[in-house]
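Observations on the model geometry
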Amino acid sequence: MDVSLLVRLILLLPLVGALVNGLAPLFLPSLRQSEGLIGTLGTAVVAIPFALTLYLFMTYGGDPVVVDFYTWMAAGDLSLDFAYRVDELSLIMTLIVTGVGGVIHLYSVGYMHGDDGFWRFFAYLNLFIFAMLNLVLANNLPVLFLGWEGVGLCSYLLIGFWYTDLSNSAAANKAFIVNRIGDFAFLMAMFLLFSELGSLDFDVLLNEGVSALSASTINWAVLLLFIGATGKSAQIPLFVWLPDAMAGPTPVSALIHAATMVTSGLYLLARLSPLVLNAPVIMAVIAIVGALTAIMAATIAIAQYDIKKVLAYSTVSQLGYMFMAAGVGAFFVAIFHVLTHAFFKACLFLGSGSVIHSMEHVEHELEHEHGEDMSDFDPQDMRTMGNLGRFMPSTSATYLIATFAISGIPLLAGFFSKDEILFKAFEYGFNGHPYAWFVWGVGIITALLTAFYMTRSYVLTFRGSPRWPKPDVVHPHESPTTMTAPLWILAFFSVVAGFIGLPAVIADGKWNLIHHYLGAPYGGPVAEPELAAHVPLALEWGLIALGSLIAIGGVAWAWRSYSAHGVAYDDRLQARLGSLYDWWQGKYYWDEAYDRTVVRPLLEGSRQGLWPFDDYVVDGAVNGVARLAQGASGVLRRLQTGVVQNYALAIVLGVVLVIGLMLFG
Amino acid sequence: MDLSEAYLTLWSDLDGVFSMALVSLVGLIVVVVDAFRNDHPSLPWMGAAALLASIGWELSVLGDAPGTALFGAVRTGGFAAFVNLIILVSGLLTIVLSVPYLDQLKRAYGEVYALILFATAGMIMLGTANTLISVFVGLETMSICLYIMTGLVREDEGSIESALKYFLLGAFSTGFFLYGIALLYGATGTMVLPEMAAGLEASGSTLLFWGGVALLLIGFMFKVSAVPFHMWTPDVYQGAPTTLTGYMSTASKASAFASLILVLFYALPTERWSLVLAFIAVVTMVLGNVLALSQPNVKRMLAYSSVAHAGYVLVGLTAASPAGYAGALYYLLVYAVMNIGAFGVMAFLEWDGKEGREQTLDSLAGIGFRRPALGASMGFFMFSLTGLPPLAGFTGKWFVFAPAVNAGLTWLVFIAVLMSAVSAYYYLRVVYVFWMLSPEDVPEAAEAQNAAFPVPASSIAVIVACAVTLLVLFVLSGNVMGFAEGLFEEAASMASMP
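Residues numbered from 1 in each chain as written. Chains lettered and ligands numbered in written order. Predicted model: local features only at pLDDT ≥ 70, side-chain atom pairs only at ≥ 80, totals over all residues. Heavy atoms only, no water.

Take the confidence of the model for chain B next. In regions of low pLDDT, the predicted coordinates are not meant to be interpreted in detail. Residue and element names in this part refer to chain B. Mean pLDDT for chain B: 91, with 99% of residues reaching 70 or above. Confidence, read as mean pLDDT per element, is least for helix H19 (residues 445-450) in chain B (79) and greatest for helix H13 (residues 298-318) (95). Confidence metrics for the complex model read pTM 0.75 and ipTM 0.89. (pLDDT = per-residue confidence, 0-100. Helix = DSSP H or I, 4+ residues; strand = E, 2+ residues; numbered from the N terminus.)

Take a look at the structure:
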């Protein structure tokens with residue numbers, strides 16, 4: 001089959017789905033109840049592109065294929081082409097987006113059952129897939145940016161999906177506004193690159209960019225792009241929107257705010273890796289920001305009670321991990337972690353969705369059949385859960401698998417990718433980049449914390465004794481198959497996905513398939529630094545052993561503590577850690593700090609300074625001009641007398657004027 | 001060459017002038033049929049079929065190389081096909097919209113459609129003219145049909161008045177035009193556009209030549225209603241039946257501009273005239289936009305807006321580059337679609353029984369909620385006329401302004417952009433009144449509340465199609481513009497060959 005046709009189909013099917021799901025029920029309200037139809041169409045337009053991508057993946061010849069649809073506009077040196085690029089990196093990302101996306105669409109059929117906005121939800125979700133595919137398949141920065149903004153819009157729409165609740169709308173606004181700050185930097189980066197290079201095509205950017213651009217230009221461009229990435233991929237200082245984004249329906253959290261959209265910053269860095277490698281100072285910044293984000297979010301996650309908040313901070317922390325990898329030049333490892341993280345984090349989020357789903361039923365049953373006052377009940381609060389494993393075996397088992405995977409228990413997916421990141425950091429330090437030691441150290445501690453807080457969330461939710469009111473009478477039920485089947489699919493990949501990236505100790509790295517697929521030394525698109533010094537084999541084994549021990553230790557510690565004491569163990573932690581724990585629980589007071597230093601001064605300043613300025617100076621000028629124009633119009637109108645002789649006179653005057661100008665002008 | 005040989009050549013050139021021949025022929029048939037079956041309802045559809053067939057023909061010859069037909073009287077090839085498409089599509093849209101509209105006015109005369117066809121044939125000749133004779137014949141064929149169409153509603157004094165004004169001033173300007181042709185012939189010894197430059201060099205009478213050019217330009221400026229030759233426009237547009245006004249304001253302008261482009265491109269050296277056009281463009285844009293501000297009647301507002309848009313097209317022409325000419329062509333295409341659409345909407349929102357001549361914009365307060373398809377389409381047209389993306393009006397402005405900047409006329413484009421900003425006021429006011437003003441707040445709206453506004457589904461479909469076309473033209477702007485630019489580059493490279 002023709003590649004160009006396939007790319008067209010892959011891109012346009014989700015768009016068609018979005019249009020049909022969005023427009024048909026909008027104009028024909030009777031369609032809104034046909035959940036089967038809407039859900040099938042919505043899932044099919046993602047599943048079919050997945051199959052097509054799989055075909056492309058299988059038949060890929062090794063040379064990038066650029067599919068140029070058409071030139072949208074050309075002005076001066078700028079030529080905006082809707083061109084898409086099929087290569088190893090975009091194929092992997094497309095597989096993740098359509099594959100995980102398809103599974104989550106399937107899950108949503110069950111999760112959103114009975115919601116009034118079912119059709120709207122699927123329209124947004126399909127639109128998101130379309131935008132995300134634009135992002136990962138683009139062959140130039142402007143089209144990538146279109147996708148970048150598109151996913152931002154869909155994220156906004158889906159976070160505020162239940163918009164009648166004001167706090168959801170506020171969360172959506174926050175996500176959008178914070179992202180715009182990053183997008184501004186992204187735009188500046190594009191302007192800079194265009195003014196220096198005259199093109200934003202990846203071919204030009206990556207092949208000529210390194211030699212044609214000055215060192216400081218590359219530094220600035222990479223820094224600005226990284227700031228853009230901190231917005232979309234939730235890093236310090238712009239991560240604050242992601243935890244709030246959990247206000248959206250849980251499939252959205254899984255798809256957009258864990259598996260795909262938030263990793264687009266990493267994709268951007270990996271795509272531009274040849275440029276990034278030429279900005280060593282900025283790489284250090286990226287690595288350190290990533291490390292700080294990782295450990296900060298991990299510590300916050302320990303002190304959260306909301307099951308989705310734990311996962312949200314865990315996502316921020318894992319994204320920090322990926323930036324650590326990017327900052328030490330291991331871009332392919334970052335993509336590897338994007339891949340494994342997509343599986344286990346989506347699995348965890350969907351599992352939490354399944355839990356919330358059943359806890360909502362518990363709440364409903366207690367309120368309506370037993371007359372309990374449930375106004376204080378929060379179906380997402382782990383303090384009201386406990387022993388759900390008895391009632392929800394599939395959810396519990398898959399959640400446990402994914403927890404082990406993210407903790408880095410040996411031979412599961414997370415183990416390989418996380419260990420590779422830590423090893424690459426170590427190796428980079430070994431090659432004389434001292435900041436990489438810091439990154440490595442922070443990474444080790446974060447790994448321990450990750451294992452701890454994830455096991456905590458598992459034990460509090462699925463083990464121990466039930467903590468909701470009247471547990472002997474009312475108990476939760478396992479979710480329907482449309483929801484558990486996706487969980488098992490994702491759990492399966494959380495187990496096996498790691499084997500495509502076996503570490504270097506095995507057969508000297510010969511089986512590190514993803515490295516061979518993506519890495520520039522093997523003809524792939526992802527560049528990597530040249531490292532002279534090799535870590536001795538024994539030390540490598542030692543590092544792997546250390547990583548495994550850390551993971552197992554963290555899991556065991558949390559398992560024993562929370563099994564023995566339940567929620568009460570948090571109080572012990574608090575007592576032992578004192579004010580440090582308060583900082584964690586208070587999320588380091590980022591929101592409060594931003595509120596005090598940015599939001600309020602801005603609002604106050606606008607109210608005191610800009611408002612009057614706008615009212616009197618700007619509006620005054622505008623209204624003045626408008627009045628002037630109206631006045632002129634009123635006067636000039638009189639010229640139009642309606643008398644034909646006067647019209648003829650005007651023509652004669654015009655004739656004199658034109659002849660005069662022509663002959664003597 | 002004896003006569004039989006001439007007929008043979010005419011016959012063999014028929015494919016070059018297929019549309020003109022077909023449209024004229026069907027026009028004659030319509031007149032004849034109308035004589036026996038007075039105002040038969042099939043007459044408009046015969047015309048529409050002829051236009052549709054011609055559109056198909058022109059699409060098939062769009063890629064042809066430039067050439068001439070009928071002993072060098074008209075041009076053929078891509079440029080001619082492009083211009084003809086604008087004219088033919090405008091004609092087709094007008095016929096489809098006019099059938100229900102003229103039925104409502106009780107003026108469903110068969111002759112109207114014959115006149116539209118004859119005017120279309122004249123426009124085709126004008127827009128593809130290769131000699132000054134063809135320019136003149138085409139211009140007059142078109143104008144005379146338009147004079148009659150303006151006065152269609154014989155019992156209405158406003159309609160009669162505007163027809164008479166149009167005729168008198170048209171005759172007046174034709175005098176200048178003809179005089180210009182005479183002077184040019186005197187200076188160059190030829191009527192054929194591409195041979196004029198050589199003729200001028202041979203004779204050396206530059207004063208005569210440039211005087212002729214000035215008078216010729218005046219004739220064109222009158223037809224495209226540039227200031228100060230625009231005075232007829234508001235009165236005529238306001239008084240004529242609305243769908244026919246849409247036709248007048250788009251197709252006739254497109255063909256006059258196309259003809260002007262041919263004259264500028266083939267016949268004139270680039271010196272001198274650019275400044276004149278720039279000057280006229282400035283006063284046209286300023287006066288058109290400023291006067292449109294204070295018009296309470298939408299048809300009159302659209303008339304001044306059409307004056308202003310002539311100014312924008314002139315900005316593209318002042319660049320005197322292939323890109324500028326191509327931009328002007330693209331603009332004319334977009335303008336035809338959005339203006340016919342806008343007049344089409346207004347045609348079906350008339351309630352005063354005087355072809356919308358007296359009803360105010362405010363009387364249509366909140367009409368968007370009663371006629372959502374018309375209201376939403378009007379939004380598209382107004383936003384596009386303002387020049388906002390993602391509609392073709394934006395790329396159109398871009399394509400006429402950018403070449404002018406490249407030609408060093410930044411000051412001119414500066415004024416043009418400022419004036420576009422002014423235009424936002426009166427265009428968006430239409431959207432505001434249609435959708436945001438409540439009929440209870442406006443005293444004039446009471447009468448309009450009782451009007452039925454019957455709109456046939458076919459007309460709604462045509463109007464919505466126009467609105468969607470604006471989106472499509474925006475998305476495909478690069479392709480259309482690239483094609484148009486290619487036309488001039490191809491012609492230029494052919495001209496430079498010995």
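The next point concerns the interface of chain B and chain A. Counting residues at the interface gives 45 residues for chain B, matched by 30 residues for chain A. Of the roughly 3,200 Å² buried between chain B and chain A on both sides combined, carbon and sulfur atoms contribute 76%. At the junction of chain B with chain A, the criterion picks out 8 residue pairs in polar contact (both at pLDDT 80 or more). Within the residue set of the side of chain B that touches chain A, elements represented by two or more residues are helix H7 (157-188), helix H9 (206-223), helix H10 (232-239), helix H12 (273-293), H13, helix H17 (392-406), helix H20 (457-475) and helix H21 (477-496) of chain B. With 9 residues, H9(B) is the single largest residue contributor to the side of chain B that touches chain A. (Contact = heavy atoms within 4.5 Å. Buried area = accessible area lost by both parts, 1.4 Å probe. Polar contact = N/O pair within 3.5 Å; in protein donor to acceptor, adjacent residues only side chain to side chain.)

Attention now moves to the environment of B:Ile280. Within the element layout of this structure, B:Ile280 appears in helix H12. Taking C-alpha positions, B:Ile280 is 7.0 Å from B:Ala226, a pair spaced 54 residues apart along the chain.

This brings us to the domain arrangement of chain A. Entries for chain A in the domain assignment read domain 1 (1-278), domain 2 (292-578) and domain 3 (591-664). Using only C-alpha atoms to locate each centre, domain 1 of chain A and domain 3 of chain A end up separated by 41 Å. (Domains from an automatic or database assignment.)

Residues and elements named next belong to chain A. Along the polypeptide, Asn21 turns up in helix H1 (residues 3-27). Looking at Asn21, the relative accessible area reads 2%, which means it is buried. Dropping the residues within four chain positions of it, Asn21 is found in contact with Ile38, Leu41, Gly42, Trp119, Phe122, Ala123 and Asn126. (Buried < 20%, exposed > 50% of the residue type's maximum accessible area, 1.4 Å probe, protein only.)

This paragraph deals with the packing of aromatic side chains. As enumerated under the stated definition, the model contains 56 aromatic pairs over all chains in all. Measuring from ring centre to ring centre gives 4.9 Å for A:Phe118 and A:Phe122, while their planes differ by 40°; the resulting arrangement is tilted. Of this pair, A:Phe118 and A:Phe122 both sit in helix H4 (residues 118-137), 4 residues apart, which is roughly one turn of that helix. Grouping residues by exposure puts A:Phe118 and A:Phe122 together as buried. Grouped by ring-pair contacts, the aromatic residues B:Tyr147, B:Tyr166, B:Phe167, B:Phe222, B:Trp232, B:Tyr237 and B:Phe343 constitute a single cluster. In this structure, A:Arg8 packs its charged tip against the face of A:Phe69, placed 4.3 Å from the ring centre. The positively charged end of A:Arg383 is found above the aromatic ring belonging to A:Tyr305, 3.8 Å away from the centroid. (Phe/Tyr/Trp six-rings, centres within 6.5 Å; stacked < 30°, edge-to-face > 60°. Lys NZ or Arg CZ within 6 Å of the ring centre and 35° of its normal.)

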